[in-house]
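# Secondary and tertiary structure notes
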Amino acid sequence: MVSEGQSPFQEVTGSVQRTPVVADLTPELRQLQRQWLSLPREQQDLLYAREFGPSFARLFAQLPLHGAPPGFPKPRALISVLGFSWQPVALMAAWSKPERMLVIGTRESLGSSVGGEDVLSVISRISGTGRGRIEARTVEEENEGEIYRLVRDFLRSLAVQPRQVVIDLTGGKKAMSAAAALAGFVAGALLVYVDYARYDVERRIPVAGTEYPRLLENPLQVFGDLELREIMNAFNRGDFNGAERLALRLAQRLYEPREAECLACLARGYGLWRRFRFTAAREQLQKVVRSIEQFARHGRWAWAERLRERIEQNLSALDQLVRVPEYPDSIEQGLPLLLWYLAAIEKLLEEGEVSEAVLLTYAAVERYAVLCLAVDWGLDPNQPDYRVLEGQLDLERYHQIGRLVFGEQYERREPRGKIGFQSGLHLLAALDPDRLRVEDLRLLRDLAQTRNKCQYEHGFLPQVPRAKQARSHLERTRQIIARLCGGMDTLEERLEQYRFPVLEIIPEA
């Protein structure tokens, strides 16, 4: 049975239990507690080891971990620092029921005994932790580096994540506990403490039977804002892999990892979208929306509510992209892909990725021509049957356009082969001057030349495109694609669904 203690403690925000829960002692334990209070220190330890501890440890094991979120899982491994007060080590072992346990102490603390029984046997017996599961390591109390190495090596030997390990800092000299805390925090383990509701001021010890397990507040609950800003900065500059990596690292070190996990999912989703993996991106962003709905308000995620509206717009765009068929039956079926190209090019230029922006601009123009020829003229870009153009293609105009597209090296011949960038522009301008105008062709030739000279294409010494060039090519491409939307205003309105969000950076406290 458990009951709430009466002493004031630091309030924990959210749904964490604010008042520590201590054990409701049985009449027999209350009698032993009164007896314990009347004894000198050495006899207190003996009474605790032989009579009080075994029964009280079973009650202590049922207590909730104070300061932990609801549903906080029990650990699978325990690291304890042992001083001359061995009771906290036994109690924390009883509470955590570890599969493996490491006890770090000095020669004196590990070599001590209670009533002739060695201290590790006492800890094993009271906690119910098999002696074979307890490893002991001796250190000099001033050797912090050795404690770091012991914690590191023990964590490496486990088949569990650091978050499944607790480090009990209650015992040991201050320097030893501090070193174990630092090692555990860096590794991502959880820091716990055996606290108490009553203290014997005269003897300067906690009153037996008022102890309870406590999760120490994670410094990242305060300093994590710094890391959240780094995640958001990485996301906003388009480094989605970096943002995901930072968020996952932070999630491993937080007691309540949902916000960091949600940001990792967010970065993963937009990274997948950037790589044209539309279905996988949609799945990730749907997870983000669900997380925001379930946890954002409770967790006070300052960035989430404003972002949610943009994600839902983006999900609408992804729904359209997922449905784009290999062979569209209408302009409207294929248009989402062209809109995404334009939004992606804008993003690349914002990030200073000029060559990549030029390559996507080139690809967008080619797909524009392919879409128009497929829908309006029934031409499969991979296996076009040019017989469908008989009586519809003005060959003289076709050859005139050819000289504008290819220059002086143009050879007069009828259409043949697959439809690519130049052949698509050539044919579309000849067939439909409303879709592609003569004045577009010179500028699109400039786009092809810019693309061909960049570091990803032809020649030996690359000519990296200038941002001004790339923006000019994008603007012309926007004007061309806008003809499928009913004008620039409509194009701009529809593009909003395809633009990635910008995370609102958390202001410094």
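Below is a summary of the structure that appears in this document. (Residues numbered from 1 in each chain as written. Predicted model: local features only at pLDDT ≥ 70, side-chain atom pairs only at ≥ 80, totals over all residues. Heavy atoms only, no water.)

Moving on, we get to the environment of Glu261. Of note, Glu261 is situated in helix 10 (residues 258-274). Glu261 sits in the partly exposed class, given a relative accessible area of 41%. (Helix = DSSP H or I, 4+ residues; strand = E, 2+ residues; numbered from the N terminus. Buried < 20%, exposed > 50% of the residue type's maximum accessible area, 1.4 Å probe, protein only.)

Below, the discussion takes up the packing of helix 13 (residues 331-350) against helix 18 (residues 467-481). Taken N-terminus to C-terminus, the directions of helix 13 and helix 18 make an angle of 160°; their axes are 11 Å apart at the nearest point. Classified by the angle between their axes, helix 13 and helix 18 sit roughly antiparallel to one another. In terms of crossing hand, the pair formed by helix 13 and helix 18 is left-handed. Across the interface between the two elements, Leu335, Leu338, Leu342, Ile345, Glu346 and Leu349 from helix 13 touch Ala470, Arg471, Leu474, Thr477, Arg478 and Ile481 from helix 18. Among the residues making up the contact of helix 13 with helix 18, the classes are represented as eight nonpolar, one polar and three charged. (Axes fitted to C-alpha atoms, helices over the stretch in contact; angles between N-to-C directions. Parallel < 35°, antiparallel > 145°, perpendicular 65-115°, else oblique. Left-handed = near helix turned anticlockwise from the far one by under 90°. Contact = heavy atoms within 4.5 Å. Nonpolar A, V, L, I, M, F, W, Y, C, P; charged D, E, K, R; others polar.)

Every α-helix winds through 3.6 residues per turn, so residues three or four apart in the chain are directed the same way. With 14 residues, helix 7 (residues 174-187) extends 20 Å between its outermost C-alpha atoms, agreeing within 8% with the 20 Å of an ideal straight helix rising 1.5 Å per residue. Taken residue by residue, helix 7 has Met176, Ser177, Ala179, Ala180, Ala181, Ala183 and Gly184 as its buried positions. Tucked into the core, helix 7 has its buried residues touching strand 3 (77-82), strand 4 (100-105), helix 6 (144-157), strand 8 (165-168) and strand 9 (190-196). (Expected span 1.5 Å × (residues − 1).)

Formed by 97 residues in total, the largest nonpolar core has its most connected members in Leu266, Trp273 and Ile311. When residues of this core are assigned to their parent elements, the largest contribution, 15 residues, is made by helix 14 (residues 354-377). Not counting the four nearest positions on each side in its chain, Ile311 is found in contact with Leu266, Tyr270, Leu285, Val288, Val289 and Ile292. Val22, Ile104, Ile134 and Tyr255 belong to the second largest nonpolar core, which has 73 residues in total. (Core = buried A, V, L, I, M, F, W, Y, C linked by side-chain atoms within 4.5 Å.)

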